[in-house]
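Descriptive structure summary
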Amino acid sequence: MTVHKAQGSEFDEVWLVLPDRFTRVLSRELVYTGMTRARSVLHAAGSADVMSQALSRHAERCSGLNHRLGAVKV
């Protein structure tokens, strides 16, 4: 099951398997979502380099809402 399909679900044990190399899909938010699906046991499989790159990247939202609201800054 993918992290996206698992959103909103919890499991007793989760395996978070990262790809062999970094991809643009990986982000801190994706890793967080995958990790928080585990109730009691989390296994993370992947290189420290890929995990580090994922945790250093924040997902960007491109909904266009700021543009529609006139990009009001508070």
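Up top is the structure these notes are about.
Roughly 250 Å³ of volume is contained in the largest pocket. Lining the largest pocket are 15 residues, and of these Met1, Thr2, Val3, Trp15 and Leu16 lie nearest its centre. Every element with two or more residues in the lining of the largest pocket is listed here: helix H1 (3-6), strand S1 (11-17) and helix H2 (28-35). Here the lining of the largest pocket takes 5 residues from S1, the largest share from any one element. Class assignment for the residues of the lining of the largest pocket results in 12 nonpolar, 2 polar and 1 charged.

For Ser27, the position within the fold is in the loop between S1 and H2. Given a relative accessible area of 4%, Ser27 falls into the buried group. Look past the residues within four positions of Ser27 in its chain and what remains in contact with it is Ala54, Arg57, His58 and Ala59.

The rules behind the values
In this convention, every chain numbers its residues from 1, walking through the sequence in written order. Selection of residues for local features in this predicted model requires a pLDDT of at least 70, selection of side-chain atom pairs for listing and counting requires 80 or more, and totals for whole chains, interfaces and linings are taken over all residues. The side-chain numbers reported here are obtained from all heavy atoms of the structure, hydrogens and water having been left aside. Definitions used for this entry: grid spacing 1 Å over protein atoms alone; cavity, a set of points where a 1.4 Å probe fits but cannot get out; pocket, an open set with protein on both sides within 12 Å along at least 5 of 7 lines; lining residue, one with an atom within 4 Å of a point. Grid points are joined across faces, edges and corners, and a volume is the space filled by probe spheres set on the points. Secondary structure follows DSSP: runs of H or I at least 4 residues long count as helices, runs of E at least 2 residues long count as strands, and numbering of each begins at the N terminus. Three classes are used: nonpolar for Ala, Val, Leu, Ile, Met, Phe, Trp, Tyr, Cys and Pro, charged for Asp, Glu, Lys and Arg, and polar for all others, with Gly counted as polar. A 1.4 Å probe rolled over the protein chains alone gives each residue an accessible area, and that area as a share of the maximum for its type sets the label: buried under 20%, exposed over 50%, partly exposed in between. Every residue pair with non-hydrogen atoms within 4.5 Å of one another is taken to be in contact.

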